[in-house]
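A closer look at the structure
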Amino acid sequence: MKSLLVVCVLVGTAHADAEFQAPPPPAIEPAVGAMTSYFRGEIIGGFTLVGMGVANLGVGGALLATSDRDTVKGAAYPMLGFGVAHLAAGVFVTLSSAKRIRRFAHDIPRDPDGWIRREEKRMRGVSTQFLVLKVIEGVGIAGGIGLAAYGRETDDKTLTGVGIALAGELAATLIFDVVASRRAGRYRRAIGGIAF
């Protein structure tokens, strides 16, 4: 009986020592902080897109309804189209970013290394998407300017208005995407420097 008690004490002591010497859990605060900061910025960007969409719909609708000038009516069409696109994109970005904050706040503590790998891969795709969008928007701006010039040359006032508004809307979208792309780049660097 005495030897059984000694064995129990030794096993208990060894178990306590093993628990005491176990490495501490990984520090997840930098990952959670970088993730939360990025997606809060995305939510602000989503609200910005919603605001741009509402403004475009309001101004474009008012111009279409109240003006008799062909140039102004021509400009209203791209404004309305971009209004719908910006509004839809803004709602999507806001809702998906809020959802990712909640989901990633649970994912990071469970598998921090796996989350970093998945998020780095996802963000590489996001960076590629921004590059493609910026090229398309740059080409679209040039196309809008060309369309406006052609409309002026052929005395097609509706076409002139469409070209001017198209170039302006794409320029505003390009500025938005440059800011969002830089935010994504900072986030990629932040999560790339985290080691668990």
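Given the structure is predicted, the values throughout are model-derived calculations rather than measurements. (Residues numbered from 1 in each chain as written. Predicted model: local features only at pLDDT ≥ 70, side-chain atom pairs only at ≥ 80, totals over all residues. Heavy atoms only, no water.)

Examining the environment of Gly 185
Heads up, the rule is: By the criteria applied, helices consist of DSSP H or I runs no shorter than four residues and strands consist of E runs no shorter than two, each listed in order from the N terminus. Exposure classes here rest on a 1.4 Å probe applied to the protein chains alone. A residue is buried below 20% of its type maximum, exposed above 50%, and partly exposed in between.
Following the sequence through the fold, Gly 185 ends up in helix 5 (residues 157-192). Owing to a relative accessible area of 18%, Gly 185 belongs among the buried residues under this scheme. Taking the C-alpha atoms as reference points, Gly 185 and Val 126, separated by 59 residues in sequence, lie 9.6 Å from one another.

Some details on the packing of aromatic side chains
Heads up, the condition is: Here the aromatic set is Phe, Tyr and Trp, taking the six-membered ring for Trp, and pairing holds for ring centres within 6.5 Å; pairs whose planes are under 30 degrees apart are stacked, those over 60 apart are edge-to-face, and all others are tilted.
According to the stated counting rule, one finds 5 aromatic pairs in the structure shown. Taken together, the ring pairs in this structure connect Tyr 38, Phe 39, Phe 104, Trp 115 and Tyr 187 into an aromatic cluster.

Re the pattern of salt bridges
Note the following rule: The salt bridge definition used is simple: a Lys or Arg side-chain nitrogen within 4 Å of an Asp or Glu carboxyl oxygen.
Here the structure, examined in full by the defined rule, presents 4 salt bridges. Its salt-bridge partner being Arg 183, residue Glu 42 comes within 2.9 Å of it at the nearest N-O pair. Here the residue Glu 42 occupies a position in helix 2 (residues 29-66), and Arg 183 occupies one in helix 5, the gap between them amounting to 141 residues. Each member of the pair, Glu 42 as well as Arg 183, is classed as buried.

Thoughts on the packing of helix 2 against helix 3 (residues 70-110)
Filter applied, for reference: Here an angle of 0 to 180 degrees is reported between the N-to-C directions of two axes, which are lines fitted to C-alpha atoms, with helices fitted over the stretch in contact. Should an angle lie under 35 degrees it is considered roughly parallel, over 145 roughly antiparallel, and from 65 to 115 roughly perpendicular; all remaining angles are considered oblique. Handedness of a crossing follows from how the near helix is turned relative to the far one, being left-handed for an anticlockwise turn of less than a right angle and right-handed for a clockwise one. The residue classification treats Ala, Val, Leu, Ile, Met, Phe, Trp, Tyr, Cys and Pro as nonpolar and Asp, Glu, Lys and Arg as charged. All others, Gly included, are polar.
Between helix 2 and helix 3, the least distance of the axes is 6 Å, while the angle of their chain directions is 160°. Looking at the two axes, helix 2 sits roughly antiparallel to helix 3. The element helix 2 and its partner helix 3 pack so that their crossing is left-handed. The residue makeup of the contact of helix 2 with helix 3, split by class, is 30 nonpolar, 11 polar and 4 charged.

Things to note about the confidence of the model for the protein
Using the following cut-off: A residue's pLDDT is the predictor's confidence in that residue, given on a scale from 0 to 100. Residues count as neighbours in contact if any of their non-hydrogen atoms are within 4.5 Å of one another.
Mean pLDDT over the protein works out to 88, with 86% of the residues at or above the 70 mark. Low confidence marks residues 1-24, where pLDDT is under 50. Its contacts with residues over four positions away, or in another chain, come to 0 contacts.

A short note on the environment of Leu 80
Among the structural elements, Leu 80 can be located in helix 3. Spatially, the C-alpha atom of Leu 80 lies 8.3 Å from that of Gly 58, the residues being 22 residues apart in sequence. Once residues lying within four places of it in the same chain are set aside, the contact partners of Leu 80 are Asn 56, Leu 57, Gly 60, Gly 61 and Leu 64.

Topic: the packing of helix 2 against helix 5
Across the interface, helix 2 lies against helix 5 with an axial gap of 10 Å and an inter-helix angle of 175°. Taken together, helix 2 and helix 5 sit at an angle that is classed as roughly antiparallel. Listed contacts from helix 5 to Ala 34, Met 35, Tyr 38, Phe 39, Gly 41, Glu 42, Gly 45, Thr 48, Leu 49, Met 52 and Asn 56 of helix 2 are Glu 169, Ala 172, Phe 176, Arg 183, Ala 184, Tyr 187, Ala 190 and Ile 191. For the contact of helix 2 with helix 5, the residue count by class is 12 nonpolar, 4 polar and 3 charged.

Quick notes on the layout of surface pockets
Cut-off, in case you're wondering: Grid points spaced at 1 Å and placed over the protein atoms alone form the basis of the search, with a cavity being a set where a 1.4 Å probe fits but cannot get out and a pocket an open set showing protein on both sides within 12 Å along at least five of seven lines. Lining residues have an atom within 4 Å of a point. Grid points are joined across faces, edges and corners, and a volume is the space filled by probe spheres set on the points.
Reported here for the largest pocket is a volume of approximately 560 Å³. Every residue lining the largest pocket is counted, 27 residues in all, and those nearest its centre are Glu 42, Val 93, Gln 129, Phe 130 and Leu 133. Of all the secondary structure elements, the ones that give two or more residues to the lining of the largest pocket are helix 2, helix 3, helix 4 (112-153) and helix 5. Counting residues per element, the lining of the largest pocket draws most heavily on helix 3, which supplies 8 residues.

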